[in-house]
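This is what each chain is made of:
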Amino acid sequence: MHETILIIDFGSQYTQLIARRVRELNVYSEIHPYNKIPVPGENVKGVILSGSPFSVRDKEAPVPDLTYIKGKLPILGICYGAQYLAHCYGGEVLPSDTREYGKAMFSVSDVNDLLFRGIDSPTRVWMSHGDTIVKIPENYIITGSTHNIRIASFRIADEKTWGIQFHPEVFHTTQGKTIIANFVKEICGCAGDWTPESFIDSSIKEIKEKTRGEKIILGLSGGVDSTVAAVLLNKAVGDNLLCIFVDNGLLRKDEFKRVLTTYKNIGLNVKGVDASEDFLGALDGISDPELKRKTIGRIFIEVFEREAKKIKDVKWLAQGTIYPDVIESASVNSPASTIKSHHNVGGLPEKMNLKIIEPLRLLFKDEVRKVGKSLGIPVELTGRHPFPGPGLAIRIIGPVTREKLDILREADQIFIEELKKRSLYDKVWQAGVILLPVRSVGVMGDERTYENVVVIRAVESIDGMTADFSRLPWDFLANVANEIINRVKGINRVAYDISSKPPSTIEWE
Ligand code: XMP
């Protein structure tokens, strides 16, 4: 049992960020919706109350049951969390004259406060609130203020409870990391036992105990999550893990062969299945993006089931589900327990009577990469850009054909290789090429051409939820365009996508 910080979620967009900041200190954190707070075990060392889109004065404002927490464990209330601690215990919270959003200078008025140890005064913080605490309960002490807000932070005199109006978890709060570290380490006394190595050790033990020598199957996609899940399971159960890697005909150039070889080289018991005919046949004539996705999902299940049935006595289905999917499915905003469709091998476990095992369900993406590195997985696998499950099918606008796939594969390979040559691959979060259903006029030598247009896309992101287009050097882009037009038959024009997400998305479909 790792030392744990519980994070109570009131629906703030920053809740996951709080959890990540705590984990960056090598302390395990767990997010729970405000209406499903577990009774804390001995391993829980402290509790953080998140922000919220609600006002504490709203009729439908989230109200947590803190019976086992308040006065018993250290608490840090952030924004709504702080307002809740003031409002519900005899203080007063009123609407601000103007919604305060953005940077503010925060001055510490109690220099002995443990929460602000080592913090400059004033220090830059990030505010985002429509309400202000105007009066605190009797036994509360004001510990800091800003130009606009008298009560920007407080603590309760006879309790280990703190409240801050600003957001320490966001990057713009310059010393936010120190404030969170003060809470987690100084106040809650966490030593920091959450490391990739300790995660690997405890997971291996847990997997062994759970599966007791029974066979497990897992679908490998070539992506980081399923790869790390496979290597971890393989360390725990050896060849009792059987992996299936399906070629859906929508992968990048030579990817299936290359990745299959790497999987075998790292000792995985893996079967490669070429099912490209099944997928391309089913996709014939389909233009609608969602229908493409559904078709690919359906065929994947058919193929996977067919292959899985060939293996006798399988009892477990392993999935590469990660923590954001788990939180999403149990979040304040979507209480329904649905896992993202591409992680759920739709109905297969029930049909085949399989139990589910998800060894990465506690990890954020960056932690999956760290665990992968610690497991010795080659960076060729752990350092790869994300790639969508439906593959190149959603990068061909309109119907997917073999001819278009071939054109796109060549262009995509040139772009990715050039990124690697110029050491830009690791600086970009995701990159790829999109083939448009548009032809344009060009001139090559003395001849007029009338051929396809491709768009190159490269983005910076942390988790794919938001993204900004990469500012790649002009000379680099010019060279990529030149290489693609000269080397790929059927393309005579290259455009660069300079849209960010939101309002655009990373993929075009
Ligand atoms: P968007 O286009 O929504 O993409 O900005 C965000 C991230 O998700 C990937 N993506 C998918 N991954 N199945 C997947 O497994 C899908 O249907 C799918 N659609 C988008 C996308 O590549 C990016 O990393």
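The rules behind the values
- Residues numbered from 1 in each chain as written.
- Predicted model: local features only at pLDDT ≥ 70, side-chain atom pairs only at ≥ 80, totals over all residues.
- Heavy atoms only, no water.
- Phe/Tyr/Trp six-rings, centres within 6.5 Å; stacked < 30°, edge-to-face > 60°.
- Helix = DSSP H or I, 4+ residues; strand = E, 2+ residues; numbered from the N terminus.
- Buried < 20%, exposed > 50% of the residue type's maximum accessible area, 1.4 Å probe, protein only.
- Lys NZ or Arg CZ within 6 Å of the ring centre and 35° of its normal.
- Domains from an automatic or database assignment.
- Axes fitted to C-alpha atoms, helices over the stretch in contact; angles between N-to-C directions.
- Left-handed = near helix turned anticlockwise from the far one by under 90°.
- Contact = heavy atoms within 4.5 Å.
- Nonpolar A, V, L, I, M, F, W, Y, C, P; charged D, E, K, R; others polar.
- Salt bridge = Lys/Arg side-chain N within 4 Å of Asp/Glu carboxyl O.
- Near = heavy atom within 4 Å.
- Polar contact = N/O pair within 3.5 Å; in protein donor to acceptor, adjacent residues only side chain to side chain.
- Areas by Shrake-Rupley, 256 points an atom, 1.4 Å probe, with all protein chains shown as cover.
- Pairing = 2+ DSSP bridges.
- Right-handed = clockwise from strand over helix to strand, strands pointing away.
- Core = buried A, V, L, I, M, F, W, Y, C linked by side-chain atoms within 4.5 Å.

1. A few points about the packing of aromatic side chains
- For the structure on display, the rule yields 15 aromatic pairs.
- Centre to centre, the rings of F106 and F166 are 4.8 Å apart; their planes meet at 55 degrees, and the pair counts as tilted. Note that F106 is positioned in strand β5 (residues 92–108) and F166 in the loop between β9 (161–164) and α3 (176–187), a separation of 60 residues in sequence.
- Judged by relative accessible area, F106 falls into the buried class, the value being 0%.
- Of the aromatic side chains, those joined through ring pairs into one cluster are F10, Y34, Y80, Y84 and Y89.
- We note R23 situated over the ring of Y323; from NZ or CZ to the ring centre the distance is 4.8 Å.
- The ring centre of Y89 lies 4.2 Å from the NZ or CZ of K70, which sits over that ring.

2. Thoughts on the domain arrangement of the protein chain
- On domain assignment, one finds that the protein chain holds domain 1 (4–187), domain 2 (196–382) and domain 3 (401–496).
- Using only C-alpha atoms to locate each centre, domain 1 and domain 3 end up separated by 46 Å.

3. Examining the packing of helix α4 (residues 196–211) against helix α5 (residues 224–237)
- Relative to each other, α4 and α5 sit at 60 degrees, their axes nearing to 9 Å. The chirality of how α4 crosses α5 is right-handed. Side by side, α4 and α5 meet where F199, I200, S203, I204, I207, K208 and T211 of the first sit next to L232, L233, K235, A236 and V237 of the second.
- Taken together, the residues of the contact of α4 with α5 sort by class into eight nonpolar, two polar and two charged.

4. Quick word on the pattern of salt bridges
- Per the counting criterion, the structure on display carries 28 salt bridges.
- For K310, the salt bridge goes to E307, with nearest N and O atoms at 2.9 Å.
- Since its relative accessible area comes to 6%, E307 is described here as buried.
- We note a salt bridge from D468 to R471, for which the minimum N-O separation is 3.1 Å.
- Through salt bridges that share partners, D110, D113 and R155 make up one connected network.

5. Comments concerning the site of the ligand
- By nearness alone, 13 residues border the ligand, and R293, Q430, K501, I506 and E507 come closest of all.
- At 2.6 Å from an oxygen atom of the ligand is found a side-chain nitrogen or oxygen belonging to R293.
- Side-chain polar atom of Q430 to an oxygen atom of the ligand: 2.7 Å apart, as the coordinates give it.
- In isolation the ligand exposes 500 Å². Once the protein is present, 78% of that is buried.

6. Structural notes on the pairing of strand β12 (residues 270–274)
- Pairing geometry for strand β11 (residues 241–247) and β12, over five bridges, is parallel. Bridge pairing in β12 links F245 to G272.
- Following the chain from β11 across helix α6 (residues 255–265) to the adjacent parallel β12, one finds a crossover that is right-handed.

7. Concerning the nonpolar core
- Among the nonpolar cores identified, the biggest contains 49 residues, and F415, L419, L472 and I484 are the most heavily contacted of them.
- Looking at which element gives the most residues to this core, the answer is helix α13 (residues 402–421), with eight residues.
- Here this core gathers at least three residues from each of two domains, domain 2 (196–382) and domain 3 (401–496).
- The residues touching L472, leaving out its near neighbours within four places in the chain, are F415, L419, L424, V428, A458, L477 and Y496.

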